[in-house]
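Tertiary structure, described
Next come the chains, spelled out residue by residue.
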Amino acid sequence: MAREKFQTLTEQMFYILLCLQRECCGVDVMDQVSRITEGRVIIGPGTLYSLLESFQQEGFIQETRVEGRKRSYQITVKGRLRLEEEVRRLRRQTEDYVNFGKEANA
Amino acid sequence: MSRDKKRQMIWYQVDDTGAIARHLEKMAAKGWLLESVDNWWYIYYRAEPARVKYAVAFFPEASVFDPGLTEGQETYIDYCRAAGWELAAVYGPIQYFHSACPDPVPIETDEAVKLAAIRRTMRKTSVLSYALLLALPVISLPVFWSIFRRDLMELFSNDRQLGVIVLMLAILLYGCGMLLDYLIWVLRSKRSVAKGGACRRPHTRFRLLASIAMMAVCGAVVLSFFVDAGTSGLWPALALYLILYSGVMLLGRWVLRKLKSRGTSRENTKGIFFAFAIGAGIAVGFLTPLLFGGLANAGIIRAVREPAESYTYSNGNFSFTRGIYRDDLPVTLEDLGCAVTEEDHCSYKAEIDRSFLAVRGEYTQAAMNLDSDLPWLYYQIYETKWPWLLEKCWEALTAAEEEDSWPVQPLVPAPWGAVEAYKQEELTSYFLLYPDRIITFRLSEDASPQQLDTIVRTLQP
C-alpha cells in the first residue's frame, strides 16, 4: 500500500510531513494540521497512527523521543525531499492552471 | 448475569463497522453501554440512556493472544482520546470506542488507510475463521462421497447421516457465501477508494440473514440428534458428547484467560494454547470410546437395541452368547416352508430407519444355534416417494455390487412384477426395482421357485 500510495501525497500525508519539519508528537500533529488549515483538513487518530507507521517504515520520518507513551517524530532528509517534490508537483499544477486559464480567457 | 449486566450475541461481521456502531448507539440510547466483547458476545452494563457515538476501529498488529494492550495500541488509543474517543472495549485487533461529543472527528479519515486496516484485520480474524470452518466439510467430503456412491439407501433413510450432510452443506454454503461477499466488498471498496470515494457499505442484511439461517440449521440438526437419541435410548451418549466438548472449550477459554492474566507473551500464549487444543482433541478422541464403553458396560447407554432374550451356544470347545430378537417380520422362514424348532433358537430382527425422504427396513432371520441346519434369510425393503431418489439408489446399489467383483445378471422383470430385476449368482442375492421401492433379499441356500414367489408376493407393493 505504502509505496504505491506515496507516489502522490494525499492532503493528510502532506500536512503530516509538513508539521514534522519540527519535532512533535502525534497528538500535536493532529492539532497543528487542524490549526494550519483552519479546520479544512482533519486527520482522524486511526489514520494518523497508520500514516506515521507507514512514513517511519518508508524512512520519511524518524522517532526522536519516547516519553512514556508519548512518541515524538521528525522528518528525515528522504521525507523532506519527498515533501519538496510534492510541493514542486503542486506548484507546476497551479502554474498549468494559471497558464491554461490565461490562454483560455485570451 | 445480574440485572445491571446484559449479554447479547454478536450477529455482525467484523468489517461491518457502521452497522455495529449504529447498533451500539441504539443500545446506549436504551441505557446499555458496552463493557466488553469476546468472540461471541457483547457485554453491556446498565447506565442512564444517553446519546453516545460509537466507532469500531482496527489495530491489525494486536492479537487475542496478547496479555494486554500493546505499546503501539496504547499510543493509538491516546490519539483517539485526544480526538474525543474513549476506549469502550477491545477484542484482539478490534477496538470499540465511544464518544460523548455529538460530532467527533472520525477515527479514520483516509478511506485507503481504513480499507488497508480492515483487510489486514479480516485476514487474521474472519477470513481465517471461515477458512477453518470450510475445512470441516472439505475434510469430510471423501467420506460422504464414498457413502453417496455406495450406500445411498442407508444415507437417505438415516436422519443422523442426513443431518450431518445438511449441516456440512450449510457450512459450505455459509462459509463460501461469506467469503465471497467479503471478496466482493473488498473489490468494490477498492474501486470506490481508487476513485476518491469511501469504502462500500457491506451487505448487513444478507450477512445477518445468512448467520441466522446458519444458526437455525445448526439448532435443527442438534435438536433432531436429540430427538433421535431420545427414541433410540442414546441420549446419555449425546449429552456426554456435548458436555465433554463444551468442557474442553470452557477449559480452553480458561487457559487462555489465565495465560493472559499472568502476562505471558503472545508467542508463548499462542504456542501453549494450540498445544492445549491439539492435546485436548487427542485426549477427547481417546477418552470418548473409553467413556462410552464404560457407560455401556454399566448399562447406562445401549449401543444396540436390547434383545428379547439371550442365548449361549456351547459345543465344548467354545461358547458365545448372542441376543435373540422377536420382532415381526413381513416374511419368515416359516412362510417359506422351513421347519423352525425351539432348538434352533431363531432370532427375528427388524431394523427400520426412517427419514423425511425414505424408509429402509432391514430384516434378518437366523438360527443362533450353530448346529442348526436352518437356512438364514436376509432382506431389505427401501421405500421412497421420490422416483429420482429411487433411481439413484438403484444405480448406486447395482454399481456397488459390480465394483465388489460380484457381477449381477439381469433377470426378466415381468415374472417378478418388477421394473428391473437382477440376480447375483454367487451370493444367491436378488435385487428388484418397483415403482416405489427396492427389494433386495438373500437366502443362505438357493431358494425354490415357490419360496421366491412367496417372498416376492409378500414384499412387492
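Each value, and the rule that gives it
- Residues numbered from 1 in each chain as written.
- Chains lettered and ligands numbered in written order.
- Predicted model: local features only at pLDDT ≥ 70, side-chain atom pairs only at ≥ 80, totals over all residues.
- Heavy atoms only, no water.
- Helix = DSSP H or I, 4+ residues; strand = E, 2+ residues; numbered from the N terminus.
- Rg over C-alpha atoms; globule rule 2.2 N^0.38 Å.
- Contact = heavy atoms within 4.5 Å.
- Areas by Shrake-Rupley, 256 points an atom, 1.4 Å probe, with all protein chains shown as cover.
- Buried < 20%, exposed > 50% of the residue type's maximum accessible area, 1.4 Å probe, protein only.
- Pairing = 2+ DSSP bridges.
- Axes fitted to C-alpha atoms, helices over the stretch in contact; angles between N-to-C directions.
- pLDDT = per-residue confidence, 0-100.
- Patch = residues over 30% accessible without salt bridge, like charges linked within 9 Å, V, L, I, M, F, W, Y side chains within 5 Å.
- Salt bridge = Lys/Arg side-chain N within 4 Å of Asp/Glu carboxyl O.
- 1 Å grid on protein atoms, 1.4 Å probe; cavity = no way out; pocket = protein on both sides within 12 Å on 5 of 7 lines; lining within 4 Å.
- Points joined across faces, edges and corners; volume = space filled by probe spheres on them.
- Nonpolar A, V, L, I, M, F, W, Y, C, P; charged D, E, K, R; others polar.
- Left-handed = near helix turned anticlockwise from the far one by under 90°.
- Phe/Tyr/Trp six-rings, centres within 6.5 Å; stacked < 30°, edge-to-face > 60°.
- Lys NZ or Arg CZ within 6 Å of the ring centre and 35° of its normal.
- Expected span 1.5 Å × (residues − 1).
- Polar contact = N/O pair within 3.5 Å; in protein donor to acceptor, adjacent residues only side chain to side chain.
- Core = buried A, V, L, I, M, F, W, Y, C linked by side-chain atoms within 4.5 Å.
- Buried area = accessible area lost by both parts, 1.4 Å probe.

1. A closer look at the overall build of chain B
For chain B, the count of helices and strands is eleven helices and 15 strands. Relative to a compact globule of 461 residues, whose C-alpha radius of gyration would be 23 Å, chain B shows 31 Å and is clearly more extended. Each of the three principal axes of chain B carries a C-alpha extent, and together these read 95 × 50 × 40 Å. Considering only intrachain contacts with a sequence separation of at least 6, the fraction spanning at least 24 residues in chain B is 57%. Only carbon and sulfur atoms are counted for the fraction: they give 60% of the accessible area of chain B, which is about 25000 Å².

2. So, the pairing of strand β15 (residues 437-443) of chain B
Residue and element names in this part refer to chain B. β15 sits mainly inside the fold: six of its seven residues count as buried. Note that strand β11 (residues 377-384) and β15 share seven bridges and pair antiparallel. Within β15, the position partnered with Ile-381 by the bridge is Ile-439. Where strand β14 (residues 429-433) lies against β15, five bridges are found, and the strand directions are antiparallel. When the sheet's bridge partners are listed, Leu-433 is paired in β15 with Ile-438.

3. Here we look at the sheet that holds strand β3 (residues 41-46) of chain B
Residues and elements named next belong to chain B. Reading across the sheet, the three strands line up as β1-β3-β2 and stay open at both edges, with antiparallel pairing between neighbours. The outermost strands of the open sheet, each flanked by one partner alone, are β1 (5-9) and β2 (32-37). Taken pair by pair, the neighbouring strands of this sheet meet at an average axis angle of 35°, ignoring direction. Two strands pair when backbone bridges link them, and β2 and β3 are joined in this way by five bridges, in the antiparallel orientation. Pairing of Trp-32 across the sheet is with Arg-46, part of β3. Contacts between helix α1 (residues 17-29) and the sheet are confined to β1, β2 and β3, with β3 contributing the most and set at about 25° to the helix.

4. Here we look at the confidence of the model for chain A
Summarising the model, chain A shows a mean pLDDT of 90, and 94% of its residues fall at 70 or more. Here helix α1 (residues 2-5) of chain A stands out as the least confident element of chain A, with mean pLDDT 50; helix α2 (residues 11-19) of chain A is the most confident, with 96.

5. Topic: the sheet that holds β11 of chain B
All names here are of chain B. Read across the open sheet, the seven strands follow the order β9-β10-β11-β15-β14-β13-β12; overall the sheet is antiparallel. Looking at which strands have only one partner, the edges of the open sheet turn out to be β9 (346-354) and β12 (409-411). On average, adjacent strands in this sheet sit at an angle of 15° to one another, irrespective of strand direction. The pairing of strand β10 (residues 358-367) with β11 spans eight bridges and is antiparallel. Its bridge partner lying in β11, Gly-361 is registered against Ile-381. Sheet contacts for helix α11 (residues 449-459): β11, β14 and β15; angle to β15, the most-contacted strand, approximately 150°.

6. A short note on a nonpolar patch on the surface
Residues and elements named next belong to chain B. Together, Val-222, Phe-226, Trp-235, Tyr-241, Leu-242 and Tyr-245 line one region of the surface with nonpolar side chains, adding up to about 560 Å² of accessible area. Those elements that provide at least two residues to the nonpolar patch are α7 (204-232) and α8 (235-261). By the element assignment, Tyr-241 lies in helix α8.

7. Some thoughts on the environment of Lys-349 of chain B
All names here are of chain B. Mapped onto the secondary structure, Lys-349 falls in strand β9. For Lys-349, a relative accessible area of 26% translates into the label partly exposed. Put simply, Lys-349 and Pro-307 are 42 residues apart on the chain and 9.0 Å apart in space, counted from C-alpha to C-alpha. Not counting residues within four places of it along the chain, the set of residues in contact with Lys-349 comprises Arg-305, Tyr-325, Asp-327, Leu-329, Glu-362, Tyr-363 and Thr-364.

8. Quick look at empty space enclosed by the protein
All names here are of chain B. Taken as a whole and judged by the stated rule, the model has one cavity of 30 Å³ or more. Roughly 60 Å³ of internal volume is contained in the largest cavity. As for the largest cavity, its lining consists of Gln-13, Asp-15, Met-122, Ser-126, Val-127, Tyr-130, Met-178, Leu-179, Tyr-182 and Arg-207. Listed by contribution, the elements that provide at least two residues to the lining of the largest cavity are α4 (126-150) and α6 (159-194). Split by residue class, the lining of the largest cavity holds six nonpolar, two polar and two charged.

9. Quick notes on the packing of helix α3 (residues 26-36) of chain A against helix α2 (residues 71-82) of chain B
For the pair α3 of chain A and α2 of chain B, the least separation of the axes is 9 Å and the interaxial angle reads 35°. Considering how the two elements wind past one another, α3 of chain A and α2 of chain B form a crossing that is right-handed. Where α3 of chain A abuts α2 of chain B, its residues Gly-26, Val-27 and Met-30 of chain A lie against Asp-78, Tyr-79 and Ala-82 of chain B. Residue composition of the contact of α3 of chain A with α2 of chain B, by class: four nonpolar, one polar and one charged.

10. Description of the packing of aromatic side chains
Residue and element names in this part refer to chain B. Per the counting criterion, the structure on display carries 21 aromatic pairs over all chains. For the pair Phe-59 and Tyr-76, a centre-to-centre distance of 5.5 Å together with 80° between the ring planes defines the contact as edge-to-face. You can see Phe-59 sitting in the loop between β4 (53-58) and α2 and its partner Tyr-76 sitting in helix α2, a full 17 residues away along the chain. Between Phe-318 and Phe-320, the aromatic rings sit 6.2 Å apart at their centres with planes inclined by 20°, giving stacked as the arrangement. The positively charged end of Arg-7 is found above the aromatic ring belonging to Trp-41, 5.4 Å away from the centroid.

11. Topic: helix α3 (residues 111-124) of chain B
Residues and elements named next belong to chain B. Its 14 residues give α3 an end-to-end C-alpha distance of 20 Å, which sits within 8% of 20 Å, the value for a rise of 1.5 Å per residue. Every buried residue belonging to α3 is among Ala-112, Val-113, Leu-115, Ala-117, Ile-118, Thr-121 and Met-122, and all of these are buried. Structurally, the start of α3 carries an N-cap: the backbone nitrogen of Ala-112 is 2.9 Å from a side-chain oxygen of Asp-110.

12. Structural notes on the nonpolar core
One finds Ile-16, Leu-20 and Phe-55 of chain A to be the most contacted residues of the largest nonpolar core, which totals 38 residues. Those elements giving two or more residues to this core turn out to be α2, α3, α4 (45-58) and β3 (70-75) of chain A together with β4 and α2 of chain B. For this core, the leading source of residues is α2 of chain A, giving six residues. Excluding residues within four positions of it along the chain, Leu-20 of chain A makes contact with Val-29, Leu-52, Ile-61, Tyr-73, Gln-74 and Ile-75 of chain A. Listed in part, the 31 residues of the second largest apolar core include Ile-10, Ala-28, Leu-33 and Met-122 of chain B.

13. Considering the interface of chain B and chain A
The extent of an interface is frequently quoted as the accessible surface area lost upon association of the parts. Contacts between the two partners involve 22 residues from chain B, matched on the other side by 21 residues from chain A. With both sides pooled, the region where chain B packs onto chain A buries about 1800 Å², and carbon together with sulfur makes up 61% of that total. Among the ionic pairs, Asp-78 of chain B bridges to Arg-69 of chain A, the shortest N-O distance being 2.7 Å. Every element with two or more residues in the side of chain B that touches chain A is listed here: α2 and α3 of chain B. Tallying contributions element by element places α2 of chain B first for the side of chain B that touches chain A, with ten residues. When grouped by side-chain class, the residues that make up the side of chain B that touches chain A number 13 nonpolar, three polar and six charged.

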